[in-house]
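Structural characterization, general
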Amino acid sequence: MPTEDLPETFHVTTDDQLRAVSNLTRHRIMAVLRFEPATITQIAERLGLAKGSSSYHVRLLERAGLVKVVRTRKVRGVTERYYAMAARSIELPDPGVGQPDVLMRHAVADLEASPVEGERHVGMAHLRLTEEQFTQLGARLETLVEEYRELSDPSLPDASLVFALFHPASRQQTEEGTK
């Protein structure tokens, strides 16, 4: 199933869906399925998982509606299922105060696991912006991501981009949160 045929966004709204995406292994399985369908065996091989473990995690993602079977074929009397993402992107609810941001934790884990000999661009900037500038920057980042998403070619190596534009808690808010 080409990604053009997928709905644009899957909104995570239930606790089961949030639990499904909160697991790092399932996050990595969804990354495998981001651009092209794959079987349980192919997913297991790409991630270095046991086939049974891969199957377990894919079933949980399927039950949550995040992945689906898009094609089947018979191979030596066994039906092989090809899984794909249910949408081009997944939108998570904003974490509540004091809750971990699952997306950022997975991104950091993926960054830490990425090859250090390859080219990487990692940085952090502290800015002072008006609310209008803040909104404009957020919109420009989203536009840039969409521009490059449209250029994505499944035959090329994966590249991950994560950004977070937010107002950090003030010292007073941080101190109040620890009381």
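Everything here concerns the structure above.
Presented here is a report on the structure given in the accompanying data block. Since we're looking at a predicted model, the values are computed, not measured. (Residues numbered from 1 in each chain as written. Predicted model: local features only at pLDDT ≥ 70, side-chain atom pairs only at ≥ 80, totals over all residues. Heavy atoms only, no water.)

1. Considering a nonpolar patch on the surface
- Together, Leu-144, Tyr-148 and Leu-151 make up a nonpolar patch on the protein surface, roughly 340 Å² of accessible area in all.
- One can find Tyr-148 in helix 6 (residues 131–151). (Patch = residues over 30% accessible without salt bridge, like charges linked within 9 Å, V, L, I, M, F, W, Y side chains within 5 Å. Areas by Shrake-Rupley, 256 points an atom, 1.4 Å probe, with all protein chains shown as cover. Salt bridge = Lys/Arg side-chain N within 4 Å of Asp/Glu carboxyl O. Helix = DSSP H or I, 4+ residues; strand = E, 2+ residues; numbered from the N terminus.)

2. A word on the environment of Asp-153
- As for its placement among the helices and strands, Asp-153 is situated in the loop between helix 6 and helix 7 (171–177).
- Given the relative accessible area of 37%, Asp-153 is considered partly exposed.
- The sequence separation of Asp-153 and Phe-35 amounts to 118 residues, and the corresponding C-alpha distance is 8.1 Å. (Buried < 20%, exposed > 50% of the residue type's maximum accessible area, 1.4 Å probe, protein only.)

3. What about the layout of surface pockets?
- Within this model, the second largest pocket holds a volume of roughly 190 Å³.
- Forming the boundary of the second largest pocket are Thr-39, Ile-40, Thr-41, Lys-51, Val-75, Val-78, Thr-79, Glu-80, Arg-81 and Tyr-83.
- Elements that contribute at least two residues to the lining of the second largest pocket include exactly helix 3 (40–47) and strand 3 (78–85).
- Among the elements that take part in the lining of the second largest pocket, strand 3 stands out by supplying five residues, more than any other. (1 Å grid on protein atoms, 1.4 Å probe; cavity = no way out; pocket = protein on both sides within 12 Å on 5 of 7 lines; lining within 4 Å. Points joined across faces, edges and corners; volume = space filled by probe spheres on them.)

Don't take any of this as a statement about function, it's just geometry.
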